[in-house]
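Results of the structural survey
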Amino acid sequence: MESVNLTKRYYSISEVAQMFDMNISKLRFWEEQFPSLNPKRDRSGDRKYTQEDIKHLEEIVDLVEGQGYTIEGAKRALEAKKRKKQENQAIIDRLADIKKFMQELREAIDENKEDVTQ
């Protein structure tokens, strides 16, 4: 499936089903199988999909229908991707801390140089 051009803030279940060329019951099935796919509901209980929900559904559909994963395999693949993203974020955070430390160290060295040359 090609990436969908999303312009609205919320989409109904029928709109999302139409985007993916599937019936509504199949979309409900994906929600049951993948708890991470959890669209908001309005006061009347109707599902309202955000752009993030739709992108997540694209991932699920690609894994199961595009790449031939089983449902359990797709769940594992999504979890592995989530873990990898968390690990990468931890590394990025650590590197940002190191960068901050190095900048503070450089400033301290520059201040000491000025004191020595005066």
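Predicted, not measured: the structure shown is a model, and the values here were computed from it.

Conventions adopted
- Residues numbered from 1 in each chain as written.
- Predicted model: local features only at pLDDT ≥ 70, side-chain atom pairs only at ≥ 80, totals over all residues.
- Heavy atoms only, no water.
- Core = buried A, V, L, I, M, F, W, Y, C linked by side-chain atoms within 4.5 Å.
- Buried < 20%, exposed > 50% of the residue type's maximum accessible area, 1.4 Å probe, protein only.
- Helix = DSSP H or I, 4+ residues; strand = E, 2+ residues; numbered from the N terminus.
- Contact = heavy atoms within 4.5 Å.
- Pairing = 2+ DSSP bridges.
- Axes fitted to C-alpha atoms, helices over the stretch in contact; angles between N-to-C directions.

What follows covers the nonpolar core. Counting 20 residues, the largest nonpolar core has V16, L27, W30, F34, Y49 and L57 as the members making the most contacts within it. Listing elements by their share of this core, those giving two or more residues are α1 (13-19), α2 (24-33), α3 (51-66) and α4 (71-117). Among all residues touching Y49, those that are not within four sequence positions of it are R9, Y10, Y11, S12, I13, V16, L27, E31, L37, P39 and I54.

The strand order β1-β3-β2 describes an open sheet built from three strands, whose pairing is antiparallel. Taken across any chain shown, the strands that pair with only one partner, and hence form the sheet edges, are β1 (11-12) and β2 (40-41). The pairing of β2 with strand β3 (residues 47-49) spans two bridges and is classified as antiparallel. From the neighbouring strand, R41 faces β3, where its bridge partner is R47. Each of β1, β2 and β3 touches α3; the most contacted strand, β3, lies at about 80° to it.

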